[in-house]
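Each chain, written out:
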Amino acid sequence: MERFLVPRKPPTTRAETADNPPPKEKRKKTVSRQYHESYLSYGFSWTGDVNHPQPECVVCREKLANANMVPSKLKRHLETKHPFHVQRNLAYFKRARDLNQRQQDR
Ligand SMILES: [Zn+2]
């Protein structure tokens with residue numbers, strides 16, 4: 001009776017077999033997202049490694065994961081955490097970023 005209760009093993013995927021390497025598309029997931037200057041309009045600068053930048057909020061200086069380096073996630077942070085700053089223009093965020101950098105250099 002017990003052997004009927006043993007859960008079925010998931011089917012072996014192609015990636016798991018040694019003589020069948022995973023297709024190249026699957027490896028793309030590990031590619032780190034790059035910062036784009038336009039993200040500053042969402043209130044985000046970047047920090048960390050050039051090849052693996054982390055988005056950093058210029059308002060609260062919170063660092064997000066590299067996976068969040070997309071306009072929709074950055075915008076969501078701004079809208080949910082800093083609704084007051086949504087109306088701010090790019091010049092404001094530039095000033096805030098420069099101010100943060102100057103403080104870091106000290
Ligand atoms: Zn923030």
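These numbers were taken from a predicted model, which means no experiment stands behind them.

Novice: Help me understand the overall build of the protein, please; the structure alone is not making it clear to me.
Specialist: For the protein, the helix and strand inventory stands at three helices and two strands. Ordered by position from the N terminus, the helices and strands of the protein form the series α-β-β-α-α. Considering the protein as a whole, with its 106 residues, one finds that 25% of them fall into the buried category. Looking at the protein alone, contacts between residues at least 24 apart form 36% of all its contacts between residues at least 6 apart. If you sum the accessible surface of the protein, you get close to 8600 Å²; carbon and sulfur atoms cover 52% of it.

Novice: Would you mind showing me how to read the coordination of the zinc ion here?
Specialist: Ideal geometry at a metal gives 109.5 degrees between four tetrahedral donors and either 90 or 180 degrees between six octahedral ones. Bound to the zinc ion are the protein donor atoms Cys57 (SG), Cys60 (SG), His77 (NE2) and His82 (NE2), situated 1.9 to 2.3 Å from the metal. Its four donor atoms give the zinc ion angles of 104 to 115° at the centre, a pattern that matches the tetrahedral case. Counting gaps between the donor residues of the zinc ion yields the pattern C-x2-C-x16-H-x4-H. Placement of the pair is Cys57 in strand β2 (residues 52-57) and His82 in the loop between α2 (71-81) and α3 (90-105), with a sequence separation of 25 residues. Accessibility expressed as a relative area gives 1% for Cys57, which makes it buried. You can call His82 buried: its relative accessible area is 10%.

Novice: Got a minute to help me understand the pattern of salt bridges in this structure?
Specialist: Two side chains of opposite charge can pair, provided their charged atoms sit close to one another. The final tally for this structure, using the stated rule, is four salt bridges. Arg97 serves as the salt-bridge partner of Glu37, at 3.2 Å between the closest nitrogen and oxygen. Of this pair, Glu37 sits in the loop between α1 (24-27) and β1 (44-49) while Arg97 is found in helix α3, placing the two residues 60 residues apart along the sequence. Assessed through its relative accessible area of 16%, Arg97 is described here as buried. For Arg61, the salt bridge goes to Glu56, with nearest N and O atoms at 4.0 Å.

Novice: Teacher, can you tell me more about the nonpolar core here?
Specialist: A general tendency of soluble globular proteins is for nonpolar side chains to be buried together. By size, the foremost hydrophobic cluster in this structure holds twelve residues: Tyr35, Tyr39, Leu40, Phe44, Cys57, Val58, Leu64, Met69, Leu74, Leu78, Phe93 and Ala96. Going through the elements one at a time, α2 and α3 are the ones with two or more residues in this core.

Novice: Could you clarify how one ought to interpret the pairing of β2 in this entry?
Specialist: Side-chain direction in a regular strand flips from residue to residue, so the side chains alternate between the two faces of the sheet. In the sheet, β1 pairs with β2 via six bridges, with the strands oriented antiparallel. Bridge pairing in β2 places Trp46 opposite Pro55. As consecutive antiparallel partners, β1 and β2 are separated by two residues.

Cut-off values and rules
- The residue count restarts for each chain, going from 1 along the sequence in the order it is written.
- Note on the predicted model: pLDDT of at least 70 is required for a residue's local features to be given, and 80 or more for side-chain atom pairs to be given and counted; whole-chain, interface and lining totals, by contrast, use all residues.
- Hydrogens and water molecules were not included; the side-chain quantities draw on all heavy atoms of the structure.
- By the criteria applied, helices consist of DSSP H or I runs no shorter than four residues and strands consist of E runs no shorter than two, each listed in order from the N terminus.
- Type-normalised accessible area, obtained with a 1.4 Å probe on protein chains alone, sets the label of each residue: buried when under 20%, exposed when over 50%, and partly exposed for intermediate values.
- The criterion used for residue contact is that any of the two residues' heavy atoms lie within 4.5 Å.
- Exposure was quantified through the Shrake-Rupley algorithm and a 1.4 Å probe, taking into account, for residues, occlusion by the shown protein chains and nothing else.
- Listed donor atoms are N, O and S within 2.8 Å of the metal (Na, K and Ca: 3.2 Å). As water is not included, a site may look incomplete.
- In short, tetrahedral needs four donors with all angles between 85 and 135 degrees, square planar needs four and octahedral six donors with opposite donors over 155 degrees apart and all other angles between 65 and 115, and whatever is left is irregular.
- Here, a salt bridge means any Lys or Arg side-chain nitrogen found within 4 Å of an Asp or Glu carboxyl oxygen.
- Take the buried Ala, Val, Leu, Ile, Met, Phe, Trp, Tyr and Cys residues and link them wherever side-chain atoms come within 4.5 Å; each set so joined is a nonpolar core.
- Only when DSSP finds a minimum of two bridges between them are two strands counted as paired.

The values reported here are purely geometric and, on their own, carry no functional implication.
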